Amino acid sequence: MDKLLLWVSIFTSLLSEAFAQADLKSKVFVFPRESETDHVKLIPHLEKPLQNFTLCFRTYSELSRSHSLFSYSVRGKDNELLIYKERVGEYSLYIGNSKVTVHSVEEYLSPVHLCTTWESSSGIAEFWVNGKPLVKKGLQRGYTVQAPPSIILGQEQDSYGGRFQKSQSFVGEFADLYMWDYVLTPQDILLAYRDFPINPNIIDWQALKYEINGYVLIRPRVWDIDLNNKMR
Ligand SMILES: *[C@@H]1O[C@H](CO)[C@@H](O)[C@H](O)[C@H]1NC(C)=O
Ligand SMILES: [Ca+2]
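Sequence order sets the numbering: in each chain, residues are counted from 1 along the sequence as written. To read the labels, note that chains go from A and ligands from 1, taken in the order they are written. Given that this is a predicted model, residues contribute local features only at a pLDDT of at least 70 and side-chain atom pairs are listed and counted only at 80 or more, while totals for whole chains, interfaces and linings are drawn from all residues. Processing note: side-chain calculations cover all non-hydrogen atoms of the structure and skip hydrogens and water entirely.

K.L.:
Give me the lowdown on the site of ligand 1, citing residues and values where you can.
P.N.:
Residues are counted as near a molecule or strand when any one of their heavy atoms sits within 4 Å of it. Close to ligand 1 lie Gln 51, Asn 52 and Glu 119. Measuring from an oxygen atom of ligand 1, one finds a side-chain N or O atom of Asn 52 at 2.6 Å. Here a polar contact is taken to be a pair of N or O atoms separated by no more than 3.5 Å, where protein atoms must pair a possible hydrogen donor with a possible acceptor and residues adjacent in sequence count only if both atoms sit in side chains. In this structure, an oxygen atom belonging to ligand 1 sits 2.6 Å away from a side-chain N or O atom of Glu 119. Computed with a 1.4 Å probe, the accessible areas rest on the Shrake-Rupley method; for each residue, only the protein chains presented here act as cover. For ligand 1, the protein covers 38% of the area, taking 360 Å² as the surface of the free molecule.

K.L.:
Provide a residue-level description of the coordination of the calcium ion (ligand 2), including the pertinent values.
P.N.:
Donor criterion used throughout: N, O or S atom within 2.8 Å of the metal, extended to 3.2 Å for Na, K and Ca. Water excluded; incomplete-looking sites may result. The coordination sphere of the calcium ion (ligand 2) contains the protein donors Asp 78 (OD), Asn 79 (OD1), Glu 156 (OE), Glu 156 (OE), Gln 157 (O) and Asp 158 (OD), at a distance range of 2.2 to 2.7 Å. Because the angles between the six donor atoms bound to the calcium ion (ligand 2) fall within 51 to 159°, the donor set is best described as irregular. Between the donor residues of the calcium ion (ligand 2), the gaps in sequence give the motif D-N-x76-E-Q-D. Of the two residues, Asp 78 sits in strand S6 (residues 77–87) while Glu 156 sits in the loop between strand S13 (150–153) and strand S14 (172–180), which places them 78 residues apart along the sequence. Assigned by exposure class, Asp 78 and Glu 156 land together as buried. Four donors are marked tetrahedral only if all angles between them lie between 85 and 135 degrees, whereas four are marked square planar and six octahedral if opposite donors are more than 155 degrees apart and the other angles lie between 65 and 115; the remainder are marked irregular. Comment: elements are numbered from the N terminus, with helices defined as DSSP H or I runs of at least four residues and strands as E runs of at least two. Burial classes follow relative accessibility: with a 1.4 Å probe on protein chains only, a residue under 20% of its type's maximum area counts as buried, one over 50% as exposed, and anything between as partly exposed.

K.L.:
Tell me about the pairing of strand S9 (residues 112–119), residues and numbers included.
P.N.:
When a strand is regular, its side chains alternate between the sheet's two faces. Within S9, seven of the eight residues are buried, which leaves it mostly tucked inside the rest of the structure. For strand S4 (residues 52–60) and S9, the ladder comprises eight bridges, and the chain directions are antiparallel. Across the sheet, the residue bridging to Cys 56 is Cys 115, located in S9. Note on pairing: two strands pair once DSSP finds at least 2 bridges between them. Alignment of S9 against strand S10 (residues 124–129), held across five bridges, turns out to be antiparallel. Its bridge partner lying in S10, Thr 116 is registered against Phe 127. Counting the residues that bridge the hairpin from S9 to S10 gives four residues, and of these Gly 123 lies at a positive phi of roughly 75°.

K.L.:
Kindly report on empty space enclosed by the protein, identifying the contributing residues and their values.
P.N.:
In the cavity and pocket records, a cavity denotes points on a 1 Å grid over the protein atoms alone where a 1.4 Å probe fits but cannot get out, a pocket denotes an open set with protein on both sides within 12 Å along at least 5 of 7 lines, and lining residues are residues with an atom within 4 Å of a point. Grid points are joined across faces, edges and corners, and a volume is the space filled by probe spheres set on the points. Tallied over the full model, the rule gives one cavity of 30 Å³ or more. A volume near 110 Å³ is recorded for the largest cavity. As for the largest cavity, its lining consists of 14 residues, and the residues nearest its centre are Ser 61, Lys 85, Glu 106, Ser 110 and Val 112. Only Asp, Glu, Lys and Arg are considered charged in this grouping, and only Ala, Val, Leu, Ile, Met, Phe, Trp, Tyr, Cys and Pro are considered nonpolar; every other residue, Gly among them, is considered polar. The residue makeup of the lining of the largest cavity, split by class, is seven nonpolar, four polar and three charged.

K.L.:
Got a sec to walk through the pattern of salt bridges? Specific residues and values, please.
P.N.:
Salt bridge criterion: a side-chain nitrogen from Lys or Arg within 4 Å of a carboxyl oxygen from Asp or Glu. Throughout the structure, instances matching the rule amount to nine salt bridges. Through salt bridges that share partners, Arg 58, Asp 176, Asp 195 and Arg 221 make up one connected network.

See the structure below:
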């Protein structure tokens, strides 16, 4: 019996090492085709439920149809925390299956830096697009986002870790994902926008634990090299 337990624990530690951990600074995940399978699974540093959070990332995509940007599901609730792009300049945040939708002035085919914050005590949700705040909305005041989650990039979960649909998949480039268990100050949001995120304690793009499934590649981020040939 003791031997069995030993083998079980060795097997579990091998399993957890099957996930790569890497510094993806100045790199992107490329989702090069539309599919209902290709995705990246993320392993967050998160054991406790969430009362507050901030989530930031960049995308560069040709999609004009609706698609999933960040899918966080827990057992029994697939849309526990979901960021969904409805169309160019229109984003929805789902918390515990309720949603709010916000609008921004945005150019089709330009890279987007998006931050979303939510605070349980007020229910206030804030979106920041390319360093500019959108109109605040509120949802699920007093709610607690459950953990542990299954977090998937590239597909939208309709069950814990699965049931994807091609029509909701992400196609394009995805980068600079950071997540905190509190609401960042506007100053810190702007720092994340300028590529200096401060102490992301749930997900850190510079020490990312992930597992690629299907046709997803890691490539340098080239879409914001400026004329002096330096990264912003
Ligand atoms: C969430 O934020 C509120 C203030 O906005 C704070 O009072 C509360 O302690 C925070 N909760 C956690 C778990 O950090
Ligand atoms: Ca869903």
